[in-house]
Amino acid sequence: MTNNSNATLFITDVCGTLVYDDTTLGLLRVHFSQQPERQWRLPMLRALTAHFSPFRLGIAVIERLTGKHVLKHLIVRMLKDDTVSSLELNAEVYAQWLLDNRKVPAVWNVITPAIKDKHIILASASLQPIVSALAKQLGVRFVASELESNDGVLTGRYKSDLTGLKIQALSDLIGNDLSSRFYDAISDNITDQELLSGAKRAYVVLHKASHKERWAGLTATYIRLS
């Protein structure tokens with residue numbers, strides 16, 4: 001293992017970058033499937049998130065009108081009264097499945113050396129239990145959105161949502177202003193544009209060739225998946 005503290009830090013997004021899945025939805029599907037006493041949640045999650053679902057389309061309209069992330073708060077609300085420990089246990093199982101089945105090979109070709117040297121940080125607005133479980137299995141650090149809980153029981157609300165706020169969370173984690181040190185970064189998420197703009201080397205994951213238009217003006221290596 002390399003112990004050079006001056007080695008370039010590598011920051012990677014998780015959903016759509018490290019793995020193909022939306023890990024918030026994936027974790028909730030796994031978790032709800034293991035909670036038969038509240039069977040309504042899994043079909044409700046499907047109804048809220050299925051493409052072209054009238055529920056999802058309605059929520060999309062509300063989000064556009066209000067500028068608020070309504071869907072993510074609705075689905076997290078369904079975790080109310082579950083224990084933190086049960087969610088963390090299911091996150092460990094799901095994380096292993098992701099690493100076995102859902103890696104994005106072109107991304108891992110780029111980041112594997114940094115993972116081996118422990119100079120990588122997972123930075124995701126996904127839920128802390130799944131990002132933490134992935135980071136634990138890789139032996140690296142992470143930042144993620146936190147869920148609120150009381151005495152080990154989830155309230156169904158966010159404690160902190162990292163959407164668009166990764167730079168501050170990363171700066172807090174490393175104990176230094178992120179912009180004051182060299183780092184590399186990789187993401188498929190347009191909300192990470194500021195993070196990638198400040199990187200020594202930026203990598204953008206494109207799930208569709210047309211998505212490159214979103215990143216106009218950014219100097220980066222583009223990784224096309226289709």
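Residues numbered from 1 in each chain as written. Predicted model: local features only at pLDDT ≥ 70, side-chain atom pairs only at ≥ 80, totals over all residues. Heavy atoms only, no water.

Let us look at the overall build of the chain. Looking only at helices and strands, the chain features 9 helices and 7 strands. Its C-alpha atoms give the chain a radius of gyration of 18 Å, within 12% of the compact-globule value 17 Å for 226 residues. Referenced to the eigenvectors of the C-alpha coordinate spread, the extents of the chain come out at roughly 50 × 40 × 30 Å. Put simply, the chain has 226 residues, and 45% of those count as buried. Here the chain has roughly 11,900 Å² of accessible surface; of this, 52% comes from carbon and sulfur atoms. Of the charged side chains in the chain, 26 are positive and 22 negative; the average position of the first set lies 5 Å away from that of the second. (Helix = DSSP H or I, 4+ residues; strand = E, 2+ residues; numbered from the N terminus. Rg over C-alpha atoms; globule rule 2.2 N^0.38 Å. Buried < 20%, exposed > 50% of the residue type's maximum accessible area, 1.4 Å probe, protein only. Areas by Shrake-Rupley, 256 points an atom, 1.4 Å probe, with all protein chains shown as cover. Lys, Arg positive; Asp, Glu negative; His and termini not counted. Charge placed at Lys NZ, Arg CZ, Asp CG, Glu CD.)

Attention shifts here to the pattern of salt bridges. Under the defined criterion, the tally for this structure stands at 10 salt bridges. The salt bridge partner of Lys166 is Asp13, with a shortest N-O separation of 3.1 Å. A residue pair is termed long-range when its members are at least 10 positions apart, and Lys166 in helix H8 (residues 166-174) and Asp13 in the loop between strand E1 (9-12) and helix H1 (23-33) qualify at 153 residues. Between Glu146 and Lys159 there is a salt bridge whose closest N-O contact spans 4.0 Å. Taken as a pair, Glu146 in strand E3 (residues 141-150) and Lys159 in strand E4 (residues 153-160) lie far apart in primary sequence, 13 residues in all. (Salt bridge = Lys/Arg side-chain N within 4 Å of Asp/Glu carboxyl O.)

Moving on, we get to the side chain of His31. By the element assignment, His31 lies in helix H1. Excluding anything up to four places from it in sequence, His31 contacts Arg41, Leu79, Asp82, Ser86, Leu87 and Asn90. (Contact = heavy atoms within 4.5 Å.)

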